[in-house]
Every structure is written in structure tokens, then in C-alpha cells.
Amino acid sequence: MVGLAAKPYERTTTVVTAELERHTYDVVVIGAGGAGLRAAIEARSQGKRTAIVCKSLFGKAHTVMAEGGIAASMGNVNEHDNWQVHFRDTMRGGKFMNSWRMAELHAKEAPQRVWELETYGALFDRTPEGKISQRNFGGHEYPRLAHVGDRTGLELIRTLQQKIVSLQQEDFRASGDYESHIKVFAECTMTRLLKDKSGAMAGAFGYWRETGRFVVFEAPAVILATGGIGKSFKVTSNSWEYTGDGHALAMLAGGTTINMEFIQFHPTGMVWPPSVKGILVTESVRGDGGVLRNSEGKRFMFDYIPAVFKDQYAKSEDEADRWYTDPEHNKRPPELLPRDEVARSINSEVKAGRGSPHGGVFLDVSTRLPAEVIRKKLPSMYHQFMELADVDITAAPMEVGPTCHYVMGGVEVDPDTAAAVVPGLFAIGEVSGGMHGSNRLGGNSLGDLLVFGRRAGLGAADYIDKLGGAHPKVVDQIIDAAAAEALAPFREEGGENPYTLHMELQQTMNDLVGIIRTESEMTEALGRLEALKVRAANITVEGHRQFNPGWHLALDLRNMLIVSECVARAALLRQESRGGHTRDDFPQMSAEWRKVNLVCRVDENGVSIARQPLVPMRPDLLDLFEVDELEKYLTEDELPGGGH
Amino acid sequence: MAYTAHFKVWRGDGSGGALQDFDVEVNEGEVVLDIIHRLQATQTPDLAVRWNCKAGKCGSCSAEINGRPRLMCMTRMSTFTEEQTIAVTPMRTFPVIRDLVTDVSYNYEKARMVPSFAPPADLAPGDYRMAQVDVERSQEFRKCIECFLCQDVCHVIRDHEPNKESYSGPRFLIRLAELDMHPLDTVDRRDVAVEDHGLGFCNITKCCTEVCPEGIKITDNGIIPLKERVVDKRYDPVFSVGSLFRKGQKRSAPPT
Ligand SMILES: Cc1cc2nc3c(=O)[nH]c(=O)nc-3n(C[C@H](O)[C@H](O)[C@H](O)COP(=O)(O)OP(=O)(O)OC[C@H]3O[C@@H](n4cnc5c(N)ncnc54)[C@H](O)[C@@H]3O)c2cc1C
Ligand code: SF4
Ligand code: SF4
Ligand code: FES
């Protein structure tokens, strides 16, 4: 297997540790998306010297792709909104598997985090009163998403990037050096976390993409903010960065991940042309009035409203249409059900032969909104379909189908501080687990990045203060082992091609551990993953270490294989259907399974999974729900008053 | 529908390089970046290229395609004939690192010289009120994905390397304009626009606007109004006429 748990290699190491580039910081943040940047801002504001390390250029992280908005119950558009309503929606969306404490903190703090962005210079779209405008999104009871057209992620990342620049300017005025307190190491990939003898975090190891040279960061606190895992699937809305690095790094260092079986397939990805298959079509298209139709022209979502949601959604097209202008007296259209429901429904329609020509269904705004409104409200979608598919969405429907979008699973953390089980390690954003339970609501990720990014910055600062100057020391042999592991693909010639292995992995996960799962297919997937692991040990790459994408992929494959195995094993164990995990052989949701988290670890023997009870919800939070709603999710014993 | 296209791709590094010929399969609906990826997967695994989103949102995949600055992920193969040779070269204005990857650190240095947003000191978070019409002007510039194609095409730095010292290029002139038009910003950046960022170098050829993949009217809506504001100030330094701008007087930018 690909060098699990820092197994020393037979060959003598090639790296003289003295030649290594070394940096010493208080905090190292791995990842420069919304989560990483917000954490870095906080850590620096707490007076900690902070390094931000990322695989791509500063300002290009995956967060830039987010479209719809940031969920925060500011109540600017509907004054009835508040944190309790947001909390309820989040728990319902996650089918009560969420870490309720994270959902609570998120719902309470998201508004402050959004307002704070305005003080950094963000320019959200406005309401007529001049406040931040908020839009409807699936699973959110009220219009809740702060947005900028359909490019909210770009605004978020640019705002945080510019805030960091402003902090650097402050530092320059004080010290004459822009980078005295916060420095970005861009195009630098971390391949191992480093610990001291006691097992506490001591830093991270990686290489510069540009030169291939190795670099070590020594720091008592490491914050993982590496994003998701979508590149293990063939059809995905995710970019090349999403190779599950943080998930794997944490587990290789003794950390744990939870909820890995829950993967969100966004209902609306592009299906044609083939080269853009998977690219996201934002949910705002539906939030702003777009409807789903099958090949017979039918709005099929009315046939798929599940029992748990039947009181919250419209029963007729008329009622659904009235909701856009009069939400007080009408129920919302079923196109706005949580994503897992919509994705499965589309899947069923296509399977039943009622799909569109290229294997999706139709998403139409052209007959619903005037052309100029579409161009104004959905500019990047208009642009995207015009440029990439020759489709004018103001005149014709889009063809859409499910695409792998988001991993709910991630590093197990303490809700208040984002601390992982390894001392000194923190995880935030998509790489962390718990907040979204079995299914994430749209807009809840960007809020999550900000709320827990800030909390991790505080948590790390606090952890360092408590160390009182006794910083853990990296063990040199671990650095040698990490270097040897990274160089392994250059050892020989004529071995496996990393691109081929990657394609086979993506096909396996897509076909066998995708949106609908069964025991036999997942068992087959695990067999194939085993074979891929063996082959991955024989990967060889051509060329040299300077900006060599073949080599980079070879190293990323270790992480993708570990993460894929976690997903497949956890999915095989969980014998129920819930959120982002649908079992053909166990189609029902089980209240017993709700009480269980599946916890993944990695050791010398590979991936292992343990069951762990979910922490029972605090009574005051439980009281926010009607008992007859709780009955749909909880066992009798868990109900308030013991189920009376 | 698949056919074989002829590509010339620049390979090399800071010390030099050359166009290399490739025959490569093209399928329906593909973009230039797909073809570059196919070359990596089948013919030349170490071909260096930057990309992230493959959806025109991150501005990573900038290059010159048949001499024209473009995003590779948004350049459809159907815009070329099957017979046409397609040359892909790195952005010329920036030093090459390897193959199609260039060193764009110039842009990050210039970004650091722009005085940051400064809201009124007594305005609490949550109390910001701005009208949609007032934010829209700055929002146009905030669509910028920092692909740096406008920087690549601007002759001031493309053809005159030494100008990089004193000129920040269109991307950062619209950043200055954006902040200047922000309804709640309190800093006057007109002096730094001229002195630190070389506003006077721009002679309004509009080449930058032509290549912007976001369709930002860099010159008409950004640089020209900024120049007009500077002229206003230089004629009448005590009181800004600000005909184009709603705001009153701002304080001068502190040194960065
Ligand atoms: C198309 C699309 C649209 C979306 N729209 C929305 C939306 O409207 N609302 C919403 O709430 N959510 C949305 N999401 C989800 C949301 O954008 C992501 O979950 C979120 O941006 C993740 O942010 P992050 O900070 O966790 O990580 P990212 O922004 O992905 O950043 C990860 C960072 O980690 C770095 N990194 C990774 N591995 C390494 C390594 N080994 N070494 C060094 N650095 C590393 C990367 O370079 C990058 O800088 C959308 C997602 C997609 C794909
Ligand atoms: S208009 Fe000005 S900034 Fe734009 S390309 Fe011409 S000289 Fe450069
Ligand atoms: S202004 Fe346009 S061309 Fe220039 S960097 Fe921004 S998006 Fe690119
Ligand atoms: S890859 Fe993001 S713009 Fe082309």
C-alpha cells in the first residue's frame, strides 16, 4: 500500500535534511479557500505569526466557484427569520445526523460573519432599503442567502484575500515587512503532517509545485482547510484540487474522520457536451423560478415529495407558482426540496426513460422569467451555457443531471474550537465533518467556512498560549520518510501511469459507490480499490520535479485512494438510506442508524471503521421541534419525555 | 465527429524553449484545455499548465491561443476549423516558469500597493446601508477573476519591461476605480493612482477591455472616469467636483 503511517522505505533516503527549506510559524493554515483565509485572519489578529499554504495561486481556491450565496438569518427580506429557524432547517436538511452544536453555532454566528465581510469591503446585492439582499434556496424556509449575482464565492474569496493584504499593509507600516506576520505560500502542496515524539502536531511537509523542492513548516498548530474529495468521482463539479488531501493527511497523522459515506450529488450539473459534464448549474436557477421537467413536459418533482416533507411543499403547480410572490400564504415548489431528494428524483426519471436527449432532465427558466431578468439574475449561468454548450437559457431549457458536489464527511472536530483528536491539529470548512450531517443545505458551506474559520483561528491561538512556549519539535526521521515517499514515483521507469489509475478510480467510484448504492456493487468497488492500491505502489512518472503534473497526480492518488476506501467501507456498513447515502437494498431511513457515527482511521493495516454513538441533542434545542416531526427521525427513547 | 487536430505548444522554461508539434484527438464540445489535458494523459505527462475550475471562474488557465490572450477553458475547439493549426503559448508579459505556466507575482506585488478599503470608523457591522445602483458600479470591477489577460495584452508592460516598475496595469487601475466608487469608502486614492500606479501611462487603446473574459468595460467605466477624477483634483485641489461620483471629499491615502 502507498506508504501508510510513515512506513520507512527500504531504500536509503535521498534528502539531506540540512538542505531542506524550513520555516517556523505559530500557525500553519493548509488551504486558502474561504475557511483557510478566515482562520488565518483570526490567527494573525490574535498576534500569531501565520503561514497560509495552498496548491494553487492566492485567490483561486475552490471557494471561488461558489455561486448561490451565504446562508445567514439576517432577516433582511423576511423578518420572521432567526437563528432558531435556520438551525431547524439545517438539522432537517442533514436528517438529524448533524453535530447539533456546530449547527447551532453556525446558525447563531453566520449573520455576524457576513456583516463583518462588509467591513472588509464586500459588496453584496442590496434590498430596496439598502440592506444585504437574501435569496431563496432549497431547504431554507425563508430567503436567507446573501449573494452577489451568481458569483458569491468570488466575492467571498476576493474580500478575504484583500483583507489579508490590508493586514499585510498594517504589518508593513509597523515592521517594514509585508510578510512579517502573515505570509502566503502559493503553489505549495503538503503531503504529510509532522508530529513530535509525544504525538502532538509539530508541522507539515510538502513540496513547491514550481520547483519540486521540499519544504518543512514547523508550527505547534496546524489548521487543515483543504476542501473536498470530488476528484475521486468521474462526474463532479469539483476542481483538480479536490483530491481529499486534508482528509487523508489527518488520518495518516492519527486523526479521525466521520460521515464519510455521505456525499452530496448536486441535482443540477451540466450533462452536455461531454467535456463539461458535471459543471455546476446553480440552485439559484430554481430559487429564482426555474422548474424541472421530464421529456413529457411534466413537472415531475410533485411526484417525489417524501412523507417527512409533505406538509412543507406545494401540492399543485398553481400553489407553487404563487409562492414566489406570496410565500406567506403558499407552500414552496418541490423543486426546492433538499438536494438529495431532487438528485434521486432526477435519477429515477432518467432511469424510467423520461430523460432528456443527453441523459438528464430539463431545467427551464426561459418560459418563466423575461430574458433581461435572467441575464441580470443569473449572469454566469447565461454565460456558461452560451459559451460552453451553445444554449441560450433565455430561449431554451438547460439539460441537467446529478453531479458529485460536496462531501459531508470530514475530520472529526470539537464543535467550539475545530480541534481534531490530534493535539494541535484543527480542521475547518469542507474537510471537517459533522456540521452538515447526512446532507448539506445550499449556502450553508460558505457560512460554515466563516464561522468555523474564525473559531479555529481562536482555538489555535488559545492552544498555543496554553503550551506556554514549549513548542513540539519535529522528528527528523519522519521528514526523511516523507521525502522518500514523495520521491518514490521517480524510482524506476515503465510502471503504472498515474492518469490511467486516476481514470479507473473515478469510474469505479462513479459506477459503484455513486448516487444509488447496493451491497454487491460496493463489495466489488472495494475489490477494485484493493487492486488499484497495489498498482499505485508501482506508479512511475516521467520528467523531472519542476512543475510536473504527472508527479503531482501520482502523489495525490495516495489520498484519493484512502478517502475512496473510507467512503466505500462506511457506505457498505450503513444499512439505511439517509441524505447523501442511498441504499437500493435498504431504502428506508432507520432511527437506530441515526444514533451511530461511523469513524474512519488509518493505520499500518489500512483503513478501519468503528461505530460511535452520536451525542444526544441538548433539550432546549430539541424543544425547537414539534414532537411529531422528531418522531420521524428519533427512536422512542430519544423523544422528549421518553416518547410520551 | 472526433478528428485529429494539429497543435503547436510552447515547451521550455526561463532559459528558453520552442514550439513543439502534436497531433491530438478532438471530440465534440471540447475546449482547448481539454486538448491540453489529453496531451498530458497520452503524450506528454509533464506538460505544465495551470487550471482550476474549468468553468471560466478562477482565472488560472490564461494563455495565448494563436497569439490572442484567452482562457483555455473557455475557448471552444469549434471556433477553429479542423485544418487549422492551433498554437498555444504562455502569456508573454510575464516570465515563463515552465511550458504554459508563467510567474505572475508582479500582479500580487501591485495589489499590495493599493490602499485598502477604509469604512467610516463609527459605522458598526450590520449598519451598512447602500443602494443597489450605487454598489453596481464597483460590482462590475469586482467581477474580475484575476486572469491577468488584460495585463498580458497591455502594451505599456508587454513591450516595455522597465515600465513594470512604475505601472500597475489595467487590473489594478480598475481596483483603484472600484474602491474610489465604493459608496462607503473614505480614502482618496487619486494621488497614488498617478504616483504609485502610473495612471498616466495608459493611453486608452482599450486592448485590455477587448480581452477581458468577464466583459468588464475596463477603460470606459474604470480608467477613463479615474483619469477624469484625477484631472478634477489637479485643477482644483481643495474641492473635488466629483461630477461622476456621488461621494464627497475623501482623505488622502496613507502610505502602504
Ligand atoms: C460549483 C460550486 C458551487 C458552490 N456553490 C456554493 C454556494 O453557493 N454556497 C455554499 O455555501 N457553498 C457552495 N459550494 C460549496 C463551497 O463552495 C465549498 O464547500 C467551499 O468553498 C469549500 O471551501 P474550503 O475553504 O473548505 O476549501 P477550498 O476553497 O476548496 O480551498 C481548499 C484549499 O486547500 C488547498 N489545498 C488542498 N490540498 C492541499 C495540500 N495538500 N497542500 C496545500 N494546500 C492544499 C487548496 O489549494 C485550496 O487553497 C459550491 C461548490 C461548488 C463546487
Ligand atoms: S487602455 Fe490603457 S490599460 Fe488598457 S491596454 Fe490600453 S494602455 Fe493598457
Ligand atoms: S479585468 Fe478582466 S482581463 Fe483583467 S484580470 Fe480581471 S477578469 Fe482578467
Ligand atoms: S480553469 Fe478556471 S478560468 Fe479556466
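## Concerning the environment of Asp125 of chain A
- On the secondary structure map, Asp125 of chain A appears in the loop between helix H3 (100–120) and strand S5 (134–135).
- Residue Asp125 of chain A is classed as buried on the basis of its relative accessible area of 15%.
- Each C-alpha atom of the pair Asp125 of chain A and Gly527 of chain A lies 50 Å from the other, and the pair is 402 residues apart in sequence.
- Sequence-distant contacts of Asp125 of chain A, that is, excluding residues within four places in its chain, are made with Lys131, Ile132, Ser133, His147, Val148 and Gly149 of chain A together with Gln132 and Gln139 of chain B.
- There is a polar contact of 2.8 Å between the side chain of Asp125 of chain A and the side chain of Gln139 of chain B.

## Here's the deal with the site of ligand 2
Residue and element names in this part refer to chain B.
- Neighbouring residues of ligand 2: 14 residues in total, closest Cys154, Cys202, Thr205, Lys206 and Cys208.
- If you list the elements that add at least two residues to the shell around ligand 2, you get helix H5 (155–158), helix H8 (207–211) and helix H9 (218–235).
- Of the residues assigned to the shell around ligand 2, the class counts are nine nonpolar, four polar and one charged.

## What about empty space enclosed by the protein?
- All chains considered together, the criterion is met by eight cavities of 30 Å³ or more.
- A volume near 120 Å³ is recorded for the second largest cavity.
- Taken together, 14 residues line the second largest cavity, and the ones lying closest to its centre are Gln162 and Val165 of chain A together with Ala111, Glu146 and Arg175 of chain B.
- Mapped onto the lining of the second largest cavity, the elements with two or more residues apiece are helix H4 (152–175) of chain A together with helix H2 (105–112) and helix H6 (170–181) of chain B.
- Counting residues per element, the lining of the second largest cavity draws most heavily on H4 of chain A, which supplies four residues.

## What to know about the packing of aromatic side chains
- Across all of its chains, the model carries 20 aromatic pairs over all chains by this definition.
- Summarising the aromatic geometry, the rings of Phe185 of chain A and Phe217 of chain A are spaced 4.8 Å apart at their centres and angled 80° between planes, so their arrangement reads as edge-to-face. Remark: Phe217 of chain A occurs in strand S10 (residues 214–218) and Phe185 of chain A occurs in strand S7 (residues 182–186); sequence separation between them is 32 residues. Of the two residues, Phe185 of chain A and Phe217 of chain A, neither departs from the other in class, the shared state being buried.
- In this structure an aromatic cluster arises from ring pairing among Trp83, Phe87, Phe96, Phe625 and Tyr633 of chain A.
- The ring of Tyr406 of chain A is capped by Arg440 of chain A, whose NZ or CZ atom sits 4.1 Å from the centre of that ring.
- In this structure, Lys164 of chain B is placed above the aromatic ring of Tyr106 of chain B, and the distance from its NZ or CZ to the ring centre is 5.7 Å.

## Observations regarding the confidence of the model for chain A
- This prediction gives chain A a mean pLDDT of 93; 97% of its residues lie at or above 70.
- Within the model, pLDDT remains below 50 along residues 1–16 of chain A, and this stretch shows 33 contacts once partners closer than five positions in the same chain are excluded.

So, how was this worked out
- Residues numbered from 1 in each chain as written.
- Chains lettered and ligands numbered in written order.
- Predicted model: local features only at pLDDT ≥ 70, side-chain atom pairs only at ≥ 80, totals over all residues.
- Heavy atoms only, no water.
- Helix = DSSP H or I, 4+ residues; strand = E, 2+ residues; numbered from the N terminus.
- Buried < 20%, exposed > 50% of the residue type's maximum accessible area, 1.4 Å probe, protein only.
- Contact = heavy atoms within 4.5 Å.
- Polar contact = N/O pair within 3.5 Å; in protein donor to acceptor, adjacent residues only side chain to side chain.
- Near = heavy atom within 4 Å.
- Nonpolar A, V, L, I, M, F, W, Y, C, P; charged D, E, K, R; others polar.
- 1 Å grid on protein atoms, 1.4 Å probe; cavity = no way out; pocket = protein on both sides within 12 Å on 5 of 7 lines; lining within 4 Å.
- Points joined across faces, edges and corners; volume = space filled by probe spheres on them.
- Phe/Tyr/Trp six-rings, centres within 6.5 Å; stacked < 30°, edge-to-face > 60°.
- Lys NZ or Arg CZ within 6 Å of the ring centre and 35° of its normal.
- pLDDT = per-residue confidence, 0-100.

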